[in-house]
Amino acid sequence: MKTSGGTYFRTGIRLAFAPAVISGVFSAMISLIWLDNPVHSVLLGIGAALVVFILVYLHAYRLLNYRLQEIQSIIQRTPARLTNSNPPEKQHVIDEVHGLLLDAEWNRATITREFQKMDETDSYRKEFIGDISHELKTPIFSVQGYLETLLDGALNDPEVNQLFLAKAMKNVNRLIFLTNDLMEISRLETGELKPEFSVIPLNNIIHDAIDSLQYKADQRNVKISFEDKETNAFALADRNQIRQVLVNLIENAIKYNKPDGKVFVSTRFNEHDRSKIVVSVRDTGIGIEPDDAKRVTERFYRVDKSRSREQGGTGLGLSIVKHILESHHEQLTIESKPGSGSLFRFTLKSADYHSDLISV
Ligand SMILES: Nc1ncnc2c1ncn2[C@@H]1O[C@H](COP(=O)(O)OP(=O)(O)OP(=O)(O)O)[C@@H](O)[C@H]1O
Ligand SMILES: [Mg+2]
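Residues numbered from 1 in each chain as written. Chains lettered and ligands numbered in written order. Predicted model: local features only at pLDDT ≥ 70, side-chain atom pairs only at ≥ 80, totals over all residues. Heavy atoms only, no water.

K.L.:
I'm lost on helix α5 (residues 161-189) in this one. Help?
P.N.:
The α-helix winds at 3.6 residues per turn, so residues separated by three or four positions along the chain end up facing the same way. For α5, with 29 residues, the first-to-last C-alpha span of 42 Å sits near the 42 Å given by 1.5 Å per residue. Among the residues of α5, N161, F164, A168, N171, R174, L175, L178, D181, L182, E184, I185 and L188 are the ones counted as buried. Remark: G191 follows α5 within two positions and exhibits a positive phi of approximately 80°. (Helix = DSSP H or I, 4+ residues; strand = E, 2+ residues; numbered from the N terminus. Expected span 1.5 Å × (residues − 1). Buried < 20%, exposed > 50% of the residue type's maximum accessible area, 1.4 Å probe, protein only.)

K.L.:
Teacher, can you tell me more about the packing of helix α4 (residues 96-151) against α5 here?
P.N.:
If you want to describe how two helices pack, look at the angle between their axes and the distance between the axes. Between α4 and α5, the least distance of the axes is 9 Å, while the angle of their chain directions is 160°. When the axis of α4 is compared with that of α5, the two are roughly antiparallel. Considering the relative orientation of α4 and α5, their crossing is left-handed. Within the contact between the two elements, α4 uses F128, I132, E135, L136, P139, I140, S142, V143, Y146, T149 and L150 and α5 uses N161, F164, L165, K167, A168, N171, V172, R174, L175, L178 and L182. (Axes fitted to C-alpha atoms, helices over the stretch in contact; angles between N-to-C directions. Parallel < 35°, antiparallel > 145°, perpendicular 65-115°, else oblique. Left-handed = near helix turned anticlockwise from the far one by under 90°. Contact = heavy atoms within 4.5 Å.)

K.L.:
Which parts of the structure should I look at to understand the pattern of salt bridges?
P.N.:
A side chain with one charge can pair with a side chain of the opposite charge if their charged atoms come near. The full count for this structure, using the stated rule, is 15 salt bridges. The closest approach of N and O atoms between E135 and R302, which form a salt bridge, is 2.5 Å. Here E135 is found in helix α4, whereas its partner R302 is found in the loop between α8 (290-293) and α9 (305-310), with 167 residues between them in sequence. For E135, a relative accessible area of 2% puts it in the buried group. For E192, the salt bridge identified is with R187, shortest N-O distance 3.6 Å. The class for E192 is exposed, based on a relative accessible area of 57%. (Salt bridge = Lys/Arg side-chain N within 4 Å of Asp/Glu carboxyl O.)

K.L.:
Is there a simple way to explain the pairing of strand β5 (residues 276-283) in this structure?
P.N.:
Burial within β5 is extensive, with 7 of its 8 residues counted as buried. Between the end of strand β4 (residues 262-269) and the start of β5, which pair antiparallel, lie 6 residues. With 7 bridges joining them, β5 and strand β7 (residues 341-350) adopt antiparallel strand pairing. Along β7, the bridge assignment pairs V281 with F344. (Pairing = 2+ DSSP bridges.)

K.L.:
Explain the pairing of β7 to me, please; I cannot follow it from the model alone.
P.N.:
The side chains of a regular strand alternate between the sheet's two faces. Counted residue by residue, β7 has 9 buried out of 10 residues, so it is predominantly covered. For strand β3 (residues 234-237) and β7, the ladder comprises 2 bridges, and the chain directions are antiparallel. Bridge pairing in β7 places L236 opposite K349. The pairing of strand β6 (residues 332-337) with β7 spans 6 bridges and is classified as antiparallel. Counterpart to K337 in the pairing with β7 is G341.

This is the structure in structure tokens:
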């Protein structure tokens, strides 16, 4: 039987051992009384033990071997085995039944883990759907409210009609942003949106991202400065996706800043590993509490919902950042001091060291 117990049918050996010893001893003792010859009695005892051992072994083999193999093949075909790529750890196996017990225990643990994961995914999915409908409802009801008021007569009131139309338009724009972000997240999560690696001039992209957000910074009187000491920072990454990461981080640094606040963007080579470029976005803003910092990359998570919503935020920006960086096999790190500011940092592969990846 090719179980985890080995090539011999060890269960049979273990089953046959005790009856063989007992019958051997008995036969030897009884024959000693009758024959009064110790040598013959010992030989008879050994013979009886061997016969009983073989008989019990063969009987156990016939009765159990096939069934145990069947049970093992059932265990091997369970979803736990088929879906889990990590085989159970090698352990000392006493016999086939012990091997099956270990296998069954491993399956039980794997299945329990999978069920826990499924439960988590399910509650996450329910929460996600609840969040989406809530986020969609707010701007849709606003648009409906403004349009109804306009239809009820406000359309002819020159004092409010432009204002209500502008507010309805703002909410429509919010819906457009929300659906775009949701589509992007689902494409990133399903792996549909894969990064297209090429050599990208990081500093140009940062300047470009800052330029596109300058008007927002000016509105809030926030000053953005970029320390591009590493003039030669060419990274191997997806240009559009990294631009999006930068825009999301810099936009947050502006939005969650204090009046007259500052944003510092910088690039430098990692001093311990020059194959990596470290990109940082630091602000002097409101900061994030440690418990919130752990959760800000979750979909729809906002520390201060009303502040974020007021700024047109839906809580998807950092989630998109996280997914993009993960698809680049990189990570976002967050350091923050409530009341003083935050530092968001990630690394990218330097093009000088990773040119082999360009054809990916
Ligand atoms: N630089 C920052 N300083 C302080 N809080 C921040 C900063 N960046 C993010 N946050 C907090 O993390 C939350 C999540 O950020 P995220 O970018 O995902 O969403 P958002 O900015 O609210 O909306 P969106 O980016 O979708 O427009 C924010 O609502 C805010 O509370
Ligand atoms: Mg944001």
